[in-house]
Amino acid sequence: MGSLNRLSATVAARKLAAREITAVSLLGDCLERISERESAVRAWTFLDTDAAMQRARALDTQASTGLLHGIPIGVKDLFDTFDMPTSYGSPIYANHRPAADAACVALARAAGAIVVGKTVTTEFATFHPGPTRNPHNLEHTPGGSSSGSAAAVADWMVPLAFGSQTAGSILRPAAFCGVVGYKPTFGMVIRVGVKMIADPLDTIGVLARSVPDAALFVAALTGRHELLIDRSTVEVPRIGLCRTFEWNRAQPETVAVLEDAGRRLRASGANVREVTLPPPLVSEVAKSLSHENLVHRKELSADMTKMIDAGLAVSPQQYDAARSLTRSCRAMLPDIFNGLDVLVAPSAMGYAPSGIAATGDPLFNRIWTLLHVPVVHVPVARGSHTLPVGVTVVGAVGADRATLRAAEWIHARLGGSEQAHG
């Protein structure tokens, strides 16, 4: 058929279950796309096409093993894999071979997923970039730190990929690459076997091409089948339009897409009201990378050592005060969401910046990670240089099902089906 790689994960899963397509044919089209485009996009650090095809053949002889039966996925190179090298984006770990999969990778395999390879991450999932380019415009950054995952999904190489977020490492690359990024409520997806950068913040999530696809992936990883979206959502969400404290930093394209979203969602029948966040609204990286800093400092980038040194300069008293303020902010969330199902907020300052020497600013993402809430970036349109722009849908802690359903409704009303070019 030659175009199975363009199927959504939910449609592909349904066709695989009905034996309308095979895992071998789906994987074959994904591998063909990777062969065509990888030299330009550079989304992968490691590929094992033979092992992936062997697994696809085995799955085609079996009854369905789970929600992801026969679905090819990418695994961010921050996640341990027993059969592939895991370098965490650093030359320090160039030949590192973990003994076991990260728990979430093991769960994905148990649900029937086919791990095609490891996707590029920035150095220890911070800001020093890898070689990945934005598939919409190769002269622009794909964002970080889940850069390879976002680019691989956007460029039709795989329908699903793992991401993780400490500040904006799912939302920002999703925004820049024009795909759906879903960061669940903190702790929903188990983190064992994933390199920790900031334990109170690090959250496992996914990159996908639609909200139902993202829901499918996380449902498979968590056993929460209530997250699945098997038909279009008809319930109209109550929406708060939230520009956040950083609105003065938003570029014209972000201002335009958020203002237009408010108008269009009201016109679609949603109750949309303005929301202003209360006024109250670090050193984790330095502590988490103590071994690398003390033993392998010369192999760290200048960006990394600067970040570590700044983190080590934070006093215990300053750190405790920041944690206390964070707890106070989280306690305000029920009042913020009173009478609302979700907030709609900016995803990024603007389009993906030119060049790949930096990954962009997570300015509009950090607050949601800090508050531990579920967030879904949905792409809305493309503008300058064919680059995408979209919005973030924010839910209350633990309200992932409602957040995903609202995000699907919003995505459909805003017409955001844009993905990477063919």
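Higher on the page you've got the structure.
Figured I'd write up the structure that's included with this text. Keep in mind the model is a prediction, meaning the values are calculated, not measured. Note that residues are indexed from 1 along each chain, following the sequence as it is written. Only residues with pLDDT of at least 70 are given local features in this predicted model, and only at 80 or more are side-chain atom pairs given and counted; all residues enter the totals for whole chains, interfaces and linings. Where side-chain values are given, they derive from all heavy atoms of the structure, hydrogens and water being excluded.

### Observations regarding the packing of helix α2 (residues 23-41) against helix α3 (residues 49-60)
Simply put, an axis is a line fit to the C-alpha atoms, just over the touching stretch for a helix, and the angle between two N-to-C directions goes from 0 to 180 degrees. A run of H or I in DSSP counts as a helix once it spans at least four residues, and a run of E counts as a strand once it spans at least two, with each numbered from the N terminus. In the contact formed by α2 and α3, the axes pass within 8 Å of each other and the chain directions differ by 155°. The angle between α2 and α3 places the two elements in the roughly antiparallel class. Touching A23, V24, L27, G28 and L31 of α2 are T49, A52, M53, A56, R57 and D60, all from α3. When residues are sorted by character, Ala, Val, Leu, Ile, Met, Phe, Trp, Tyr, Cys and Pro go into the nonpolar class, Asp, Glu, Lys and Arg into the charged class, and all the rest, Gly among them, into the polar class. Here the contact of α2 with α3 is composed, by residue class, of 7 nonpolar, 2 polar and 2 charged. For classification purposes, angles smaller than 35 degrees are called roughly parallel, those larger than 145 roughly antiparallel, those between 65 and 115 roughly perpendicular, and all remaining angles oblique. In this description, contact between two residues means that some pair of their heavy atoms is separated by no more than 4.5 Å.

### So, the packing of aromatic side chains
Stacked, tilted and edge-to-face pairs are distinguished by plane angle, under 30 degrees for stacked and over 60 for edge-to-face with tilted covering the rest, among Phe, Tyr and Trp rings (Trp via its six-membered ring) whose centres lie within 6.5 Å. For the coordinates displayed, the defined rule picks out 4 aromatic pairs. Arranged with centres 5.1 Å apart and planes meeting at 40°, the rings of F79 and F162 form a pair that is tilted. Of this pair, F79 sits in the loop between β2 (72-76) and α4 (103-110) while F162 sits in strand β4 (residues 160-165), placing them 83 residues apart in sequence. Relative accessibility decides the category of a residue: with a 1.4 Å probe and only protein chains considered, values under 20% of the type maximum give buried, values over 50% give exposed, and everything between is partly exposed. A residue is classified by how much of its surface remains accessible, and F162, at 0% relative accessible area, is buried. Taking 4.9 Å as the distance between ring centres and 80° as the angle between the ring planes, the aromatic pair formed by Y88 and Y93 counts as edge-to-face. Both residues of the pair, Y88 and Y93, belong to the buried class. Through pairs of rings, three or more aromatic residues link up here, namely F79, F162 and F217. Only lysine NZ and arginine CZ atoms are considered, and such an atom sits over a ring when it is within 6 Å of the ring centre and within 35 degrees of the ring normal. The lysine or arginine in question, K195, covers the ring of Y88, its NZ or CZ lying 5.6 Å from the ring centre. Note that R243 overlies the ring of W247, its terminal NZ or CZ placed 5.7 Å from the centroid.

### A word on α4
Along α4, the residues that are buried comprise C104, V105, A108 and R109. Each buried residue of α4 lies within a common arc of 140° when the element is viewed along its axis, so the set occupies one face. The arc refers to the directions leading from the helix axis to the C-beta atoms.

### Some points on the nonpolar core
Grouped together as the largest cluster of nonpolar side chains are 112 residues, with contacts concentrated most on L68, I73, F79 and F162. Here this core gets 9 residues from one element, more than from any other, and that element is helix α7 (residues 211-222). With residues near it in sequence (within four places) discarded, L68 still touches A108, A111, G112, A113, L160, L216, F217 and A220. Throughout, nonpolar core names a set of buried Ala, Val, Leu, Ile, Met, Phe, Trp, Tyr and Cys residues whose side chains join them through atoms within 4.5 Å. Core analysis: the second largest hydrophobic core is formed by 17 residues, C242, F337, I367 and V375 among them.

### Things to note about the side chain of K76
For K76, the location among the structural elements is in strand β2. Of the buried charged residues, K76 lacks a salt bridge, with D202 as the closest side chain of opposite charge at 8.4 Å. Pairs of N or O atoms within 3.5 Å make up the polar contacts considered here, provided that, within protein, one atom can donate a hydrogen while the other can accept it, and that residues adjacent in sequence are counted only when both atoms are side-chain atoms. Side chain to side chain, K76 and S164 meet in a polar contact 2.8 Å long. Excluding residues that lie within four positions of it along the chain, K76 makes contacts with K118, T119, T121, A125, S145, S146, S149, F162, G163, S164 and S169. By the counting rule applied here, Lys and Arg register as positive and Asp and Glu as negative, while His and the ends of each chain are not counted. Salt bridges are identified by distance alone: a Lys or Arg side-chain nitrogen within 4 Å of an Asp or Glu carboxyl oxygen.

### Description of the layout of surface pockets
Grid points spaced at 1 Å and placed over the protein atoms alone form the basis of the search, with a cavity being a set where a 1.4 Å probe fits but cannot get out and a pocket an open set showing protein on both sides within 12 Å along at least five of seven lines. Lining residues have an atom within 4 Å of a point. Grid points are joined across faces, edges and corners, and a volume is the space filled by probe spheres set on the points. Size it by volume and the second largest pocket reaches roughly 410 Å³. Taken together, 18 residues form the lining of the second largest pocket, with T10, V11, A13, R14 and L216 sitting closest to its centre. Broken down by secondary-structure element, the contributors of at least two residues to the lining of the second largest pocket are α1 (9-17) and α7. By residue number, the principal contributor to the lining of the second largest pocket is α1, which donates 6 residues. Split by residue class, the lining of the second largest pocket holds 9 nonpolar, 5 polar and 4 charged.

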